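If you want the building blocks of each chain, they are given just below.
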Amino acid sequence: MRNLLKYIFRFIFFVVIQTMVLNQLEVGFGIHPMIYPLFIVLLPFDFKVIPTMFLAFSMGICIDIMSNTYGLHTSSLLLVAYLRPLIYKALSPRDGYDPIKEGSMYDMGHLWFLYAFGSLIMVHHFWFFAIEMFKFNEIGYILRKTFVSIPVSYLFCVLYQMIFIKKEKIK
Amino acid sequence: MRNLIAFLKRFQVFLVFAGLQVIALSLYFTFFTFPRSQYFTTASSAAGTVLSWRNDLTKHLSLSRTNKKLQESNKDLLEKIPRNFVQIQKHLYTINDTLYKQKYEYMAGAVISSTVDKTNNYFTIDIGSRQGVKPGMGVVSDNGVVGVIHNCSAHFSVIKTVLTDDINIDVTIKPIDLNGLLKWDHKDAIYGNLTGISNDQKIKKWSKVYTRGSSGIYPAGVLIGRVTTLKPVEGEAFWDVKILFSENYRALQTVYVVRNLMLEEQKELEKQIPAPVVK
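Residues numbered from 1 in each chain as written. Chains lettered and ligands numbered in written order. Predicted model: local features only at pLDDT ≥ 70, side-chain atom pairs only at ≥ 80, totals over all residues.

Mind showing me how you'd approach the overall build of chain A here?
Secondary structure assignment for chain A yields 7 helices and 0 strands. Taken over C-alpha atoms, the radius of gyration comes to 16 Å for chain A, in line with the 16 Å a tight globule of 171 residues would show. Viewed in the frame of its principal axes, chain A has a C-alpha envelope of about 45 × 30 × 30 Å. Taken across its 171 residues, chain A has 36% of its residues classed as buried. (Helix = DSSP H or I, 4+ residues; strand = E, 2+ residues; numbered from the N terminus. Rg over C-alpha atoms; globule rule 2.2 N^0.38 Å. Buried ≥ 20, exposed ≤ 12 C-beta atoms within 10 Å, placed from the backbone.)

Explain the packing of helix H1 (residues 2–22) of chain A against helix H3 (residues 49–67) of chain A to me, please; I cannot follow it from the model alone.
The relative placement of two packed helices is expressed as an angle between their axes plus a distance between the axes. Residue and element names in this part refer to chain A. Contact geometry of H1 with H3 gives a least axis separation of 10 Å together with a crossing angle of 30°. By the angle between their directions, the pair H1 and H3 is classed as roughly parallel. Once H1 is placed against H3, the crossing between them reads as right-handed. Contacts from Phe11, Val15, Gln18 and Thr19 in H1 reach Met59, Cys62, Ile63, Met66 and Ser67 in H3. (Axes fitted to C-alpha atoms, helices over the stretch in contact; angles between N-to-C directions. Parallel < 35°, antiparallel > 145°, perpendicular 65-115°, else oblique. Left-handed = near helix turned anticlockwise from the far one by under 90°. Contact = placed C-beta atoms within 7 Å.)

Hey, could you run me through the environment of Ile50 of chain A in this one?
Looking at the secondary structure, you find Ile50 of chain A in helix H3. Along the backbone, Ile50 of chain A and Ser67 of chain A are 17 residues apart, and their C-alpha atoms lie at a distance of 26 Å.

Help me out: how do you make sense of the interface of chain B and chain A in this one?
Interfaces are frequently sized by the accessible area removed from exposure as the parts join. Taken together, the 25 residues of chain B in the interface contact 23 residues of chain A. Where the side of chain B that touches chain A is concerned, the elements lending two or more residues are helix H2 (12–33) and helix H3 (45–58) of chain B. Top contributing element to the side of chain B that touches chain A by residue count: H2 of chain B, with 11 residues. Broken down by class, the residue content of the side of chain B that touches chain A amounts to 15 nonpolar, 7 polar and 3 charged. (Nonpolar A, V, L, I, M, F, W, Y, C, P; charged D, E, K, R; others polar.)

Can you help me understand the pairing of strand S8 (residues 191–198) of chain B in this one?
Within a regular strand, the side chains alternate between the two sheet faces. Residue and element names in this part refer to chain B. As paired strands, strand S7 (residues 178–183) and S8 are joined by 3 bridges and run antiparallel to one another. Bridging across to S8, Leu181 finds its partner in Thr195. Bridge analysis of S8 against strand S11 (residues 238–245) gives 6 bridges, and the strand direction is antiparallel. Bridging from a neighbouring strand, Asn193 pairs with Lys242 of S11. (Pairing = 2+ DSSP bridges.)

Explain H3 of chain A here, please?
The α-helix winds at 3.6 residues per turn, so residues separated by three or four positions along the chain end up facing the same way. Residues and elements named next belong to chain A. Taking 1.5 Å per residue, 19 residues should reach 27 Å; H3 reaches 27 Å between its end C-alpha atoms and fits that length. Considered for burial, the residues of H3 that qualify are Thr52, Met53, Ala56, Phe57, Met59, Gly60, Cys62, Ile63, Asp64, Ile65, Met66 and Ser67. Trailing H3 by a residue or two, Asn68 shows a phi angle of about 55°, which is positive. (Expected span 1.5 Å × (residues − 1).)

So what exactly am I meant to see when it comes to the sheet that holds S11 of chain B here?
Sheet strands pair by backbone hydrogen bonding; their relative direction is either parallel or antiparallel. Residues and elements named next belong to chain B. Pairing is antiparallel in the closed barrel, where 6 strands are placed in the order S6-S7-S8-S11-S10-S9. Each strand axis lies, on average, 40° off the axis of its neighbour in the sheet, ignoring direction. Bridge analysis of strand S6 (residues 169–173) against strand S9 (residues 208–211) gives 3 bridges, and the strand direction is antiparallel. Bridge pairing links Val171 to Thr211 in S9.

Teacher, can you tell me more about the environment of Val257 of chain B here?
Residues and elements named next belong to chain B. Tracing the backbone shows Val257 in strand S12 (residues 254–260). Spatially, the C-alpha atom of Val257 lies 9.8 Å from that of Ile159, the residues being 98 residues apart in sequence. Non-local contacts of Val257, meaning those with residues more than four positions away in its chain, are made with Tyr106, Met107, Gly109, Ile127, Val133, Met137, Val139 and Ile149.

Hey, could you run me through the pairing of S6 of chain B in this one?
Residues and elements named next belong to chain B. Buried residues dominate S6, accounting for 4 of its 5 residues. Across 5 bridges, S6 lies against S7 in antiparallel orientation. Bridged to Ile169 within S7 is Leu182. The hairpin formed by S6 and S7 contains 4 residues between the paired strands, and Asp177 there has a positive phi angle of roughly 60°.

Any chance you could explain the sheet that holds strand S4 (residues 145–152) of chain B here in plain terms?
Residues and elements named next belong to chain B. Read around the closed barrel, the 6 strands follow the order S1-S2-S5-S4-S3-S12; overall the barrel is antiparallel. Ignoring strand direction, the axes of neighbouring strands in this sheet form an average angle of 45°. Pairing of S4 with strand S5 (residues 157–161) involves 5 bridges; the strand directions are antiparallel. Bridged to Asn151 within S5 is Val158.

Would you mind going over the confidence of the model for chain B with me for this structure?
As a general rule, the predicted coordinates of low-pLDDT regions are not to be interpreted in detail. Chain-level pLDDT for chain B is 83 on average; 90% of the residues reach the 70-or-more range. Here the complex is predicted with pTM 0.75, and the ipTM for its interfaces comes to 0.85. (pLDDT = per-residue confidence, 0-100.)

It is not clear to me how the packing of helix H4 (residues 72–90) of chain A against helix H6 (residues 110–133) of chain A should be interpreted in this structure. Could you clarify?
Residue and element names in this part refer to chain A. Interaxial distance between H4 and H6 falls to 9 Å at its minimum, and their mutual angle equals 150°. Accordingly, the angle class assigned to the pair H4 and H6 is roughly antiparallel. Here the hand of the crossing between H4 and H6 comes out right-handed. On H6, the residues touching Leu72, Ser75, Ser76, Leu79, Val80, Leu83, Arg84, Ile87 and Tyr88 of H4 are Ala116, Ser119, Leu120, Val123, His124, Trp127, Phe128, Ile131 and Glu132. In terms of residue class, the contact of H4 with H6 is made up of 12 nonpolar, 4 polar and 2 charged.

Quick look at the structure:
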């Protein structure tokens, strides 16, 4: 029950932060930070793929409605939800995942988080900017946008965990 | 049959993924060209209300800039009211002027949500169909052109701005009167592009670009920007013209929706043009 409340709060929090703050941050250089893939990564390890995808779909639609992108965020987040079990399988520790833990950098270690979240966010950002542009001759610009935005998004996600998840650990 | 069920079971994850992905992408590509309903955009009342709360929080940050702009336009208006004019010829004017008839009306609205960094940028404003806004109307601001109304609900509207794909506003470069179309190259919110400018004439740097007004969405002669660079397009008789927008879209607070009172008449007349015969 407490877990469910935690995930509901997280869902709303990510949607609000993404649409009200991060989408309006206009830093220039093509930087567009997106932190909501972290929600999918932080879901419990034994959460099935199909419910994850439906959750990703509903979250993406919420973000799309608030930012006039009509399905762009949904499509990229679905990809993350689909690839999540594959990446987790490839990075799985020797004796499997502990179902009590979640995929944060405190539970699984910084290196695991860097590999798992880094690869997912790379796919997410590349897909997002590629579909947004949808022109093959702009591939250089798409790649520039992707690789400029990834460090910023990653930094925001680390910051989120430092603020919210560490506190839970102390309690 | 059993084989089919086994197949579906085996690939159910991928099938669900593909199904949802098709929904998302088809939503994206159809809405971009033609919005079927307001519910998936910020024109929907729930999203619009949340965004207007946000605007209530943040609009104070740009109060001084908005105020300065308002004062400037107030000054312009003050200079136009009758008590500031001297009558030169007595008894020679009539009140009911039949030479001029009003063609364009303006409705003021506040921008409650805007982006300029994305590939396609939409602004949300706080007036909607109750105030008389309809999709397809033009939107201008104090210093330039903003875009076209894309979609509207009772109290909110979404503007497809000049910072999107295929905005295609008809423009003219003064003083040489060359006509073309306004585009955007997705990169910088301060530069726009013009296409369809034939390269038989030289264009001076910093010549002004105005709306042409042929589509009836905007009045003719609204300033859009100034020409900065000219590049020849390879193999075609056109210039690739880059312009500097006169409006600063990053700091836009108030806009005006343009209503053309004679648009019906113009449309009716243009409908009579015979369709081209396909050979």
